[in-house]
Amino acid sequence: MKTRLQWLRQLPEDIYQKALANFQSANLKDGLPEMYGHDDELENMKQALAGSFHWEPSPEGFDYWHNVLNEYNSKNNTHVRNRKTHRGAK
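Chemist: Break down the nonpolar core for me, citing the residues and quoting the values.
Modeler: Counting 20 residues, the largest nonpolar core has L8, L11, M45, L49 and W65 as its most contacted members. Elements supplying a minimum of two residues to this core: α1 (4-8), α2 (13-29), α3 (45-50) and α4 (62-75). Per-element accounting of this core gives the leading share, 6 residues, to α2. In contact with L11, not counting residues within four places along its chain, are Y16, A19, M45, L49, V68 and Y72.

This is the structure we're talking about:
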C-alpha cells in the first residue's frame, strides 16, 4: 500500500505534474486541504488517480486521464474496470 502521492509519483514526470496540479486545485477549490487525504493508504493507481480529482472538468478532460490509467495498467499488467466509474453520478 502507498499514499496517493506515492502512487501518482510513479507516473511520467509531465503527467505527474498535471495530476498534482489537478489534485491541489481540487483541494483548494473545495476549501478542504485534506479533502482527498494526502496520507490515505491506497492499493493501486486506479484508487489514487480516480480519487484525486474529477477527471471530466479537469483541463485535460476525462479521456486523457482514462488513457493515462489504461497505459499505466498496460505497462504494469493491472486491470481497469468500467469506464463509467470515473465519470461520477449523472
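Still more to cover.
Chemist: Explain the packing of aromatic side chains to me, and be specific about the residues and the numbers.
Modeler: In the structure shown here, the tally under the stated rule is 3 aromatic pairs. On the basis of an interplanar angle of 75 degrees and a centroid distance of 5.1 Å, the ring pair of F53 and W65 is categorised as edge-to-face. Of this pair, F53 sits in the loop between α3 and α4 while W65 sits in helix α4; the two residues are 12 residues apart in sequence, bridging distant segments of the chain. According to the relative accessible area criterion, F53 is buried, its value standing at 3%. According to the relative accessible area criterion, W65 is buried, its value standing at 0%. Between the aromatic rings of W55 and F62, the centroid separation amounts to 5.5 Å while the plane-to-plane angle is 45 degrees, which identifies the pairing as tilted. Taking relative accessible area as the criterion, F62 reaches 3% and is therefore assigned buried. Connected via pairs of aromatic rings, a cluster forms that spans F53, Y64 and W65.

Rules of the game
Starting afresh in each chain, residues are numbered from 1 along the sequence in its written order. Since the coordinates come from a predicted model, pLDDT governs what is reported: local features require at least 70, and pairs of side-chain atoms require 80 or more to be given and counted, while whole-chain, interface and lining totals use all residues. Side-chain measures were taken over the full set of non-hydrogen atoms in the model, leaving aside hydrogen atoms and water. Only buried Ala, Val, Leu, Ile, Met, Phe, Trp, Tyr and Cys residues count toward a nonpolar core, and they belong to the same one when joined by side-chain atoms within 4.5 Å. Buried means the residue's accessible area, taken with a 1.4 Å probe over protein chains only, is under 20% of the maximum for its type, while exposed means over 50%, and partly exposed covers the values in between. Put simply, DSSP H or I for four residues or longer makes a helix, DSSP E for two residues or longer makes a strand, and each gets a number counted from the N terminus. Any pair of residues with heavy atoms lying within 4.5 Å of one another is described as a contacting pair. Only centres within 6.5 Å qualify two rings of Phe, Tyr or Trp (six-membered ring in Trp) as a pair; their planes then separate them into stacked at under 30 degrees, edge-to-face at over 60, and tilted for everything else.

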